Amino acid sequence: MERQTSMQKVQGVLHKYPWLSPLIVLVIALILFYFANSRFLLPGNLSFLTQQTVIVGTLAIAQTLVILTAGIDLSIGAIMTLSQMVMANLAVSATASNVLPIAGQNPWISIFLGILAGVLAGALNGFLIVRFNLPPFIVTLGTLSIWTAISLLLFKSRTIQEPELPDALKWLGSTIKIGGFNLLYGVIVMLIMYAIFGYILRNTAWGLHVYAVGDDPAAAQLTGISTKKVIFSVYLVSGLIIGIAGWVTIGRVGSASPNIDPQINLDTITAVVIGGTSLFGGRGTLIGTLIGALIIASVENGLSLAGFDQAYRVLAVGILVILAVAVDQWIRKVKA
Amino acid sequence: MSTDLSTLTPIVEGRNLVKTFGRVVALDGASLQLFPGEVLAVVGDNGAGKSSLIKCFSGAYSPDAGEMFVDGEQVAFKSTQEARNHGIETVFQTLAVAPALDIASNMYLGRELRKPGIMGSVFRSLDKKAMRSQAEAHLKNLGISTLQNITQAVETLSGGQRQAVAVARAAAFGSKVIILDEPTAALGVNESAAVLRMIQDLRDRGIPVILISHNMPQVFEVADRIHVARLGKRAAVVTPQTASMNDVVAIMTGAMTVPESEQQLTPVRVPATPSV
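Residues numbered from 1 in each chain as written. Chains lettered and ligands numbered in written order. Predicted model: local features only at pLDDT ≥ 70, side-chain atom pairs only at ≥ 80, totals over all residues.

### A short note on the overall build of chain B
Here's step 1: Helix and strand counts for chain B stand at nine helices and 10 strands.
Here's step 2: Its C-alpha atoms give chain B a radius of gyration of 19 Å, within 12% of the compact-globule value 19 Å for 276 residues.
Here's step 3: With the C-alpha coordinates aligned to their principal axes, the bounding extent of chain B is approximately 60 × 45 × 40 Å.
Here's step 4: Residue burial in chain B is summarised as follows: out of 276 residues, 45% are buried.
Here's step 5: Look at the contacts in chain B between residues 6 or more apart in sequence, and 68% of them connect residues 24 or more apart. (Helix = DSSP H or I, 4+ residues; strand = E, 2+ residues; numbered from the N terminus. Rg over C-alpha atoms; globule rule 2.2 N^0.38 Å. Buried ≥ 20, exposed ≤ 12 C-beta atoms within 10 Å, placed from the backbone. Contact = placed C-beta atoms within 7 Å.)

The following block contains the structure:
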């Protein structure tokens, strides 16, 4: 047995714990931004940081599941917008709604139907991918445009403003004060979802099959796993997560707009990739994704506190993504 | 030791199997018999139909015509899962392992164990402890000791170790028959030797093996009988004692034919008492 070099040891450890490299990046970022502006680590700013994380962080759970199967979901932002427009337009009074005949529903039923819209949209992605053997990139690129257009056409391109929305829809925008820290309900929901899906991925057969299908679909099929069922269910479940994220977003933003944040799809992919999940599937963790989402928010928040232009944030995230993929490629070459 | 070999029922049998892909005839009335306790090698040139033949038994293909039997009972497999339910386990050439998952997870992939009680039934929690300890026991049973850590990812293993995991998975689940498709094709000398030992171990434990191989010396080392496929049919069945390697190559290429009376269509080995 030849001795391992220290570099190989590092490689081996990073390979075993894929969330370790993003954690190191996050800690370094927190320290750097603290030295740039000591306000960065004050409770008030930290709670703002978690609030900045919540939308991308919740959506990135869905993106992680999809990327673990070696897929990709470009329609996440569009489905989330669809979900929140369905909720908002059903819940508000007829005068405020963009679709008069169905307005004025019970807010909780509206939330349920909005999330259901997300589930159905996710199921459509899964159906097209599995049934017609189409690449996820193309399918979700298509549904991105389709749902964007439908949201705009159906809901008349009008934002539903905060005063018009019933409290139930804005509920996740409330906060609990813990010392100087304002904990957003939406952040709690996000963390609960990380815990639930983290458990499912680690401790259930379905979770194991998600990894196996992304790792080597042919092998998974031969061991008796129905790869089609697994892939379809992943897109369906991701639709559910995106629907819930729609509700979280209304709480965080305070209004419901049919205009999609153009950055959102890329940000979810960035969070997943920075978080150590491989774009080639079969490798990665949800906790890594959460760290990835925190890194994006820290860079955004820290750079603006340090007085940098918004463009530097985009620059920094771009560099991080390429670094993350390069590190992933290196780690994948690990030897026993 | 007074078993009358001529009265043994084949554990797996195919009669006149036909499989076509468009105008390509992969199997043209092929037959195969595997008897309890023996190692049957299946050899043949590329395109002779040995892979298609094996895929019928492992459930990956369903034949267009012909009959298949397991323990004398007629069967028709629609999936690898159905073949597995009849006790036929296949180790495919690609091994069908998930590289990023650990050894125990791979051995139980597709038939995971859940925790007892509410954690298993409601929360669907996997019993990782049980899977690990049982996987370890299975590997030990097979005499595979080169794997130190059952939680190691399969991608960190050598080719031979991966093969060992795939074979152990096949052998672990009370299987009646194990089919190995080119198990040594990607292995070095030492690793090949380990796999051959494993095949002999399986046979000694009473599990019959179908071995598909290109490697004549290996076939002659472990096989009890050698099934030679040619042009989608069974050209002959010989034994390492009655035929030389050159004879087998000659049968494969059609340069030699063996009259049925000189073939070894009945078993030659007294099956070992199954012990798992």
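Moving on from the model shown.
### Quick look at the overall build of chain A
Here's step 1: Across its full length, chain A carries 14 helices and two strands.
Here's step 2: Against the compact-globule benchmark of 20 Å for 336 residues, chain A has a radius of gyration of 20 Å, which places it among compact chains.
Here's step 3: If one aligns the C-alpha atoms of chain A with their principal axes, the spans along those axes are about 75 × 55 × 35 Å.
Here's step 4: Within the span of chain A, comprising 336 residues, buried residues form 50% of the whole.
Here's step 5: Once local pairs closer than 6 in sequence are excluded, the contacts in chain A between residues at least 24 apart make up 78%.

### Regarding the sheet that holds strand E4 (residues 65–70) of chain B
All names here are of chain B.
Here's step 1: With respect to topology, four strands assemble into an open sheet ordered E2-E1-E4-E5, the strand pairing being antiparallel. With one partner strand each, in any of the chains shown, strand E2 (24–34) and strand E5 (73–75) form the two edges of the open sheet. Each strand of the sheet is rotated relative to its neighbour by a mean of 30 degrees, with strand direction disregarded.
Here's step 2: By the bridge criterion, five bridges tie strand E1 (residues 12–21) to E4 in an arrangement that is antiparallel. Directly across from arginine 15, in E4, lies its bridge partner glutamate 67. (Pairing = 2+ DSSP bridges. Axes fitted to C-alpha atoms, helices over the stretch in contact; angles between N-to-C directions.)

### Some remarks on the interface of chain B and chain A
Here's step 1: On the side of chain A, 19 residues touch chain B, which itself brings 20 residues to the contact.
Here's step 2: Take the side of chain B that touches chain A: its biggest share by element is three residues, from helix H2 (residues 80–85) of chain B.
Here's step 3: Looking at the side of chain B that touches chain A residue by residue, the class counts come to 10 nonpolar, seven polar and three charged. (Nonpolar A, V, L, I, M, F, W, Y, C, P; charged D, E, K, R; others polar.)

### Describing the sheet that holds strand E8 (residues 209–212) of chain B
Residue and element names in this part refer to chain B.
Here's step 1: With mixed pairing, six strands are arranged side by side in an open sheet as E6-E7-E8-E3-E9-E10. The sheet is open, and its two edges are formed by strand E6 (88–91) and strand E10 (233–238), each paired on a single side. Neighbour to neighbour, the strand axes of the sheet diverge by 20 degrees on average, direction disregarded.
Here's step 2: Strand contacts of helix H6 (residues 159–172): E6 and strand E7 (177–181), with the helix running at about 175 degrees to E6, the strand carrying the most contacts.

### Some words on the pairing of E2 of chain B
Residue and element names in this part refer to chain B.
Here's step 1: Bridge count for E1 against E2 is eight bridges, and the pairing is antiparallel. Across the sheet, threonine 20 pairs through a bridge with valine 25, a residue of E2.
Here's step 2: Between E1 and E2, which follow one another and run antiparallel, lie two residues, and glycine 22 among them has a positive phi close to 60 degrees.

### A word on the environment of tyrosine 211 of chain A
Here's step 1: Inspection of the secondary structure puts tyrosine 211 of chain A in helix H9 (residues 205–215).
Here's step 2: Along the chain, tyrosine 211 of chain A and leucine 65 of chain A lie 146 residues apart, while their C-alpha atoms are 9.1 Å from each other.
Here's step 3: Every residue in contact with tyrosine 211 of chain A, bar those within four places of it in the chain, is listed here: Leu68 and Gly282 of chain A together with Ala98, Ala100 and Leu101 of chain B.

### Describing helix H1 (residues 50–58) of chain B
Residue and element names in this part refer to chain B.
Here's step 1: Summarising burial for H1: nine of the nine residues are buried, a large majority.
Here's step 2: Taken as a whole, H1 has its buried residues at Lys50, Ser51, Ser52, Leu53, Ile54, Lys55, Cys56, Phe57 and Ser58.
Here's step 3: Where H1 ends, the next residue or the one after it, glycine 59, has phi of about 90 degrees, a positive value.

### Looking at the nonpolar core
Burial of nonpolar side chains together is a common tendency in soluble globular proteins.
Here's step 1: Ranked by internal contacts, the top residues of the largest apolar core, which has 170 residues, are Ala88 of chain A together with Val42, Ala98, Ile178, Ile210 and Leu211 of chain B.
Here's step 2: In terms of residue count, helix H11 (residues 227–253) of chain A provides more of this core than any other element does, 13 residues in total.
Here's step 3: Leucine 211 of chain B has contacts with Val39, Ala41, Val42, Leu180, Ile199, Val222 and Ala223 of chain B, leaving out every residue within four places of it along the chain. (Core = buried A, V, L, I, M, F, W, Y, C linked by C-beta atoms within 7 Å.)

### Quick word on the packing of helix H12 (residues 264–274) of chain A against helix H13 (residues 286–305) of chain A
Residue and element names in this part refer to chain A.
Here's step 1: Closest axis-to-axis distance for the H12/H13 pair is 7 Å, and the angle between their directions is 120 degrees. As the angle between them shows, H12 and H13 are arranged oblique. Here H12 and H13 pass one another in a crossing that is right-handed. Of the residues in H13, those in contact with Asp267, Thr270, Ala271, Val272 and Ile274 of H12 are Thr289, Gly292, Ala293, Ile295 and Ile296. (Parallel < 35°, antiparallel > 145°, perpendicular 65-115°, else oblique. Left-handed = near helix turned anticlockwise from the far one by under 90°.)

### Focus: unusual backbone geometry
Generally, phi is negative for residues other than glycine and the peptide bonds are trans, each holding for most cases.
Here's step 1: Positive phi outside glycine occurs at alanine 70 of chain A, with the angle close to 70 degrees.
Here's step 2: Looking at the element boundaries, alanine 70 of chain A is found in the loop between helix H3 (43–68) and helix H4 (76–91).
Here's step 3: For alanine 70 of chain A, a count of 19 C-beta atoms within 10 Å gives the class partly exposed.
Here's step 4: The backbone of aspartate 71 of chain B sits at a positive phi, close to 55 degrees, despite the residue not being glycine.
Here's step 5: Residue position: aspartate 71 of chain B is located in the loop between E4 and E5.
Here's step 6: With 15 C-beta atoms packed within 10 Å, aspartate 71 of chain B lands in the partly exposed category.

### Structural notes on H3 of chain A
Note on helix geometry: an α-helix contains 3.6 residues per turn, so any two residues three or four positions apart are oriented the same way.
Residues and elements named next belong to chain A.
Here's step 1: The largest bend along H3 reaches roughly 45 degrees and is located at valine 54.
Here's step 2: Across the 26 residues that make up H3, a large majority, 19, are buried.
Here's step 3: Phi for alanine 70, located one or two positions after H3, is positive at around 70 degrees. (Bend = angle between axes of the 7 residues up to and from the residue.)

### Things to note about the pairing of strand E3 (residues 39–44) of chain B
Residues and elements named next belong to chain B.
Here's step 1: Counting buried positions along E3 yields six of six residues, so the element is predominantly enclosed.
Here's step 2: Burial along E3 is two-sided: the face carrying Val39, Ala41 and Val43 and the face carrying Leu40, Val42 and Gly44 are both buried.
Here's step 3: Where E3 and strand E9 (residues 225–230) come together, five bridges link them in parallel fashion. Within E9, the residue paired with alanine 41 across the bridge is isoleucine 226.

### Notes on the confidence of the model for chain B
Here's step 1: Counting all residues, the mean pLDDT for chain B is 86, and 95% of those residues have values of 70 or more.
Here's step 2: Model confidence for the complex: the whole-complex pTM is 0.86, and ipTM, which rates the interface, is 0.76. (pLDDT = per-residue confidence, 0-100.)

### A word on the environment of valine 66 of chain A
All names here are of chain A.
Here's step 1: Checked against the element boundaries, valine 66 lands in helix H3.
Here's step 2: For the pair valine 66 and isoleucine 102, spaced 36 residues apart in the sequence, the C-alpha separation amounts to 33 Å.
Here's step 3: Sequence-distant contacts of valine 66, that is, excluding residues within four places in its chain, are made with Gly71, Ile72, Asp73, Val234, Tyr235 and Ser238.

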